[in-house]
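The residues making up each chain are set out below.
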Amino acid sequence: MPRKNIRLRLGPVLCPRLGWLVLLVTVAAPASAAQIQLKDGRIITGQLGYTSGLAEKMLPLNPEGTGPLQLIAFVDDGLRRTFFSKRNIQGASLDDKAEIPEKYRLRQQVIEVGRTVKSIGAIVRVQPFDQYGRRILTIATARGPENIIQGITELTPTWTRTQSNTHVLDMRLATSSIPPDILAKILAQQTDQKDLDQRKKVVRFYLQSERYEEAYQELKRILKDFGDRPDIHQQLEPSLHRIRQLSAHQLLGELKLRRDSGQHQLVLQKLNSFPSEDVAAESLQAVREMIAEYQAVESNRTDTLAQFDALVQKIGDSAVRQRIQPFSEELHAELSFNTMARMAAFRAMLEDKAMSPEDKVALAISGWLAGSDDAVAKLPLALSAYRVRNLIAQYLGAADALARHQVFEQFHSEEAAKLPVSMQLLGRILSHMKPPVASTQPDPAKPGYFELEVPGRGDSPAVHYIVQLPPEYDPHRRYPTVLTLHGDGVTPEQQIDWWAGPWTAQGWRSGQASRFGTIVVAPEWAAEHQKKYQYSAREHAAVLDCLRDACRRFSIDTDRVFLSGHSMGGDAAWDLGLAHPDLWAGVIPIVAQSDRYCALYWENAKLVPFYFVCGELDDDKLVQNSRDLDRYVTRGYNCTVVEYEGRGHEHFSDEILRIFDWMGRLRRNFFPREFETMTMRRWDNFFWWVELSQMPERAMIDPINWPPPRGTNPVETKASVTATNGLRVMTGAGDVRIWLSPEIVDLTQRVSIIVNGHRLTGDVSTEPKLDVFLEDARTRADRQHPFWARVDAPTGRRIR
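Keep in mind that what you see is a predicted model, and the values were worked out from it rather than measured.

Draft legend 1. Representation of the packing of aromatic side chains in the model. Under the defined criterion, the tally for this structure stands at 35 aromatic pairs. A centroid spacing of 6.0 Å and a plane angle of 40° characterise the contact between Tyr-535 and Tyr-597, whose relative ring orientation is tilted. Taken as a pair, Tyr-535 in the loop between strand 16 (519–523) and helix 15 (537–553) and Tyr-597 in helix 17 (residues 597–600) lie far apart in primary sequence, 62 residues in all. For the pair Tyr-535 and Tyr-597, a shared accessibility class is recorded, and that class is buried. Summarising the aromatic geometry, the rings of Tyr-644 and Phe-652 are spaced 5.1 Å apart at their centres and angled 35° between planes, so their arrangement reads as tilted. The exposure class assigned to Phe-652 is buried, which follows from its relative accessible area of 2%. One cation-aromatic arrangement involves Arg-509 over Trp-503; the distance from NZ or CZ to the ring centre is 4.2 Å.

Encoded structure:
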């Protein structure tokens, strides 16, 4: 496919806020750019085109397309092409008023004809750019490491073009990936420091890059260097003030992001030292409001504790006060900005003179345990709920079946555990409790960093894994989580670095997972010296066991768990994402290859979003994967495919901000009204609320026996929730276990279950059971969506 002939070049749209820089910005000719809004809210800017398949020639077309077969849309922004389903477009507009971004053309000795790089393998080493925009890129080849001398030939606020004097290679990089100090040296080298217009161009470049602090400092240097001209200050000082306002606005946005990520101490510290000089009144007012909000929460927290203590002292029975004491100590230690909402019912009734101190204290205890909406004004029940919460934690953290049985027997004497009325309360308690398994205190020099392990399955050795918690981690808060899988020759620690950033000299990480308040889990899932993903039960168990163990130890939001991997780890992520689609909010395979089961499981992608990243020169990976990717995209699945121009087999940190933007819009739907899945391995047998067993032998193909015999078909399962409080399952498995929850059906009413066309009758109970509830929470480690009951049934299939 002649890729070099179909590139679409377009830079970013200049932010409208910069229109006031009349004296600073030279008006440029408009450039047409499409702004595509997807149904998930993302906006992608660039030149719009359509294609009938990812392996086909891609051409820019009019926004309506030219035929029914062109179901795949793409946007080219000069750095990468982003593909998605035409059905997922919410709207598209043409921005004819966009200004052409500043561009620097650097003179380099490059060749346009000669030895052409057609594929780029693993990158061994990358030297930083020098002040002239040159570097050496070392890549792995069949002949060993090979050096490629690169030079920047075009530099824009969003993308950078490099070419070589030894090879024909046109590579694109995100300009944001160039360190600020190096970028400043490159710009300085391209600028005549005595030319005012060239100096202004640097400021405009920084503004279009949204590097407002750099723009501010550069403009101050201009005023200093050209201060002898009387008109300069009059022209540029207003721009200096406005840039400071943009910088303050950007800082305020960062603080709001950190606040939403639960980093309240950092935010309050920065708010109290927020710059006020040349900052717009509206920004300062927003700062004052945020400070006032924190002060109000702290005041309410202090008052809540004082009011609770006073009410406890009004309870006449000293034995009751003594039973309340452990809870009181917990409340004093853990009531915070993240948990104040649990006290809403308690605070609302503080002035109610008709309610007794006992009832008000009960509201505080039960609200803390189960949330304000489920608070109860009965002190004996609230105290029982407190004991039940502790029993649940003991049960989930017990080391063996005997210990669990001993804990289980204690539930029978508790009012809060009497079924079926208590199940709703138990479910709320489970979802509000802290993780039941404690972890060893991390190294103080590495805050939030844990090295853990889970036992191996069978004869397999223990699996080590690393967890990095975000700053100011609070076990009472649920955190989005990335489970990241390393590639060949890459360590779990390097995967943590990619997501959370490396350790700084100050002893903290400054990467995107830290900014967005995201937990990162990196298992050492591959065997020693393993070079390729093997699609095996051992690998699946290594990854999933680490995830479940992490869920028992840390406050992971199980509706926001994202599976990712690079290279061989990307292959694993693709397969695991399709094999267990009910576990993930989204799957992010980076430079991955579709193989084996992926081709037969493709329909499993309907209910789990995918985000693929690859390089144009990575052995033509996009074309190789096009069969499966076309299936996803043409059918309207939530699938994004990103291909970087002139790039090969690498990690693509350029894309991480857009990945976080995508992740921030997603939540797992754990209870879909209907689903359809395929399976060819015995361990790929749990899908949302259906668990399969007794698989037909002819359909089960172990990886060691791949490829399957001709005519082998996977086991197909279709399940749906009916409009009459029922469930319907059609499957090729011999037995089925149906897990029940009030999020699926009303368990207080009769539940109709139909399996392979036959309605289940006779001794079939759908009543909630405490042992089912607890064992499900223990084994799946999903405290947000526990199942209350289960029904086992044969399907009527003759398995052979």
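Draft legend 2. Examining the pattern of salt bridges more closely. On inspection of all chains with the given rule, the structure shows 58 salt bridges. Where Asp-225 meets Arg-199, a salt bridge forms, and the shortest distance between an N and an O atom there is 3.0 Å. With Asp-225 in helix 3 (residues 212–225) and Arg-199 in helix 2 (residues 196–208), this residue pair connects regions lying 26 residues apart in the sequence. A residue is classified by how much of its surface remains accessible, and Asp-225, at 44% relative accessible area, is partly exposed.

Draft legend 3. Seen up close, the nonpolar core. Within the largest apolar cluster, 87 residues are counted, with the highest numbers of intra-cluster contacts made by Phe-308, Ile-365, Ile-392, Phe-411 and Trp-689. Here this core takes 11 residues from helix 10 (residues 379–397), the largest share from any one element. Aside from chain neighbours lying at most four places away, what touches Ile-392 is Phe-411, Leu-426, Ile-429, Leu-430, Met-433 and Leu-774. Of all hydrophobic cores here, the second largest spans 61 residues; its members include Ala-542, Val-543, Cys-546 and Val-587.

Draft legend 4. Summary view of the packing of helix 12 (residues 423–432) against helix 21 (residues 770–780). Between helix 12 and helix 21, the shortest axis-to-axis distance is 12 Å and the interhelical angle comes to 15°. When the axis of helix 12 is compared with that of helix 21, the two are roughly parallel. Crossing handedness for the pair helix 12 and helix 21: right-handed. Residue-level inspection shows Met-423, Leu-426, Gly-427 and Leu-430 of helix 12 in contact with helix 21, the latter providing Leu-770, Phe-773 and Ala-777. For the contact of helix 12 with helix 21, the per-class residue count stands at 6 nonpolar, 1 polar and no charged.

Draft legend 5. Quick peek at the sheet that holds strand 24 (residues 715–721). Here 5 strands make up an open sheet; going across it, the order is 21-24-25-27-28 and the pairing mixed. The sheet is open, and its two edges are formed by strand 21 (674–679) and strand 28 (758–759), each paired on a single side. In terms of strand pairing, strand 27 (residues 752–755) meets strand 28 through 2 bridges, oriented antiparallel. Opposite Ile-754, over in strand 28, you have Arg-759 as the bridge partner.

Draft legend 6. Fine view of the sheet that holds strand 22 (residues 686–687). If you walk across this open sheet you meet the 4 strands as 22-23-26-29, and the pairing is antiparallel. Of all strands in the sheet, those with a lone pairing partner are strand 22 and strand 29 (789–794), marking the two edges. Relative to strand 23 (residues 690–693), strand 22 is paired through 2 bridges, and the arrangement is antiparallel. Note on strand 23: the bridge partner recorded for Phe-687 is Val-690.

Draft legend 7. The state of the cysteines, seen in detail. Counting across every chain of the model gives 0 disulfides. A disulfide-free cysteine, Cys-551 has its sulfur positioned 11 Å from the sulfur of Cys-546, the nearest such atom. The class for Cys-551 is buried, based on a relative accessible area of 6%. Of all cysteine sulfurs in the structure, the one in Cys-614 sits closest to Cys-639, which takes part in no disulfide; the separation is 11 Å.

Draft legend 8. Quick look at the pairing of strand 20 (residues 639–644). Counting buried positions along strand 20 gives 6 out of 6 residues, so the element sits mostly inside the fold. Side chains Cys-639, Val-641 and Glu-643 project from strand 20 onto one buried face, and the interleaved Thr-640, Val-642 and Tyr-644 project onto a second face that is buried too. Note: strand 5 (residues 80–85) against strand 20, 4 bridges, orientation antiparallel. For Arg-80, the partnering residue across the bridge sits in strand 20 and is Tyr-644. Here strand 19 (residues 610–615) runs beside strand 20; their pairing, made up of 6 bridges, is parallel. Residue Cys-614 lies in a different strand from strand 20, and its bridge partner there is Glu-643.

How each quantity is defined
Residues numbered from 1 in each chain as written. Predicted model: local features only at pLDDT ≥ 70, side-chain atom pairs only at ≥ 80, totals over all residues. Heavy atoms only, no water. Phe/Tyr/Trp six-rings, centres within 6.5 Å; stacked < 30°, edge-to-face > 60°. Helix = DSSP H or I, 4+ residues; strand = E, 2+ residues; numbered from the N terminus. Buried < 20%, exposed > 50% of the residue type's maximum accessible area, 1.4 Å probe, protein only. Lys NZ or Arg CZ within 6 Å of the ring centre and 35° of its normal. Salt bridge = Lys/Arg side-chain N within 4 Å of Asp/Glu carboxyl O. Core = buried A, V, L, I, M, F, W, Y, C linked by side-chain atoms within 4.5 Å. Contact = heavy atoms within 4.5 Å. Axes fitted to C-alpha atoms, helices over the stretch in contact; angles between N-to-C directions. Parallel < 35°, antiparallel > 145°, perpendicular 65-115°, else oblique. Left-handed = near helix turned anticlockwise from the far one by under 90°. Nonpolar A, V, L, I, M, F, W, Y, C, P; charged D, E, K, R; others polar. Pairing = 2+ DSSP bridges. Disulfide = S-S within 2.5 Å.

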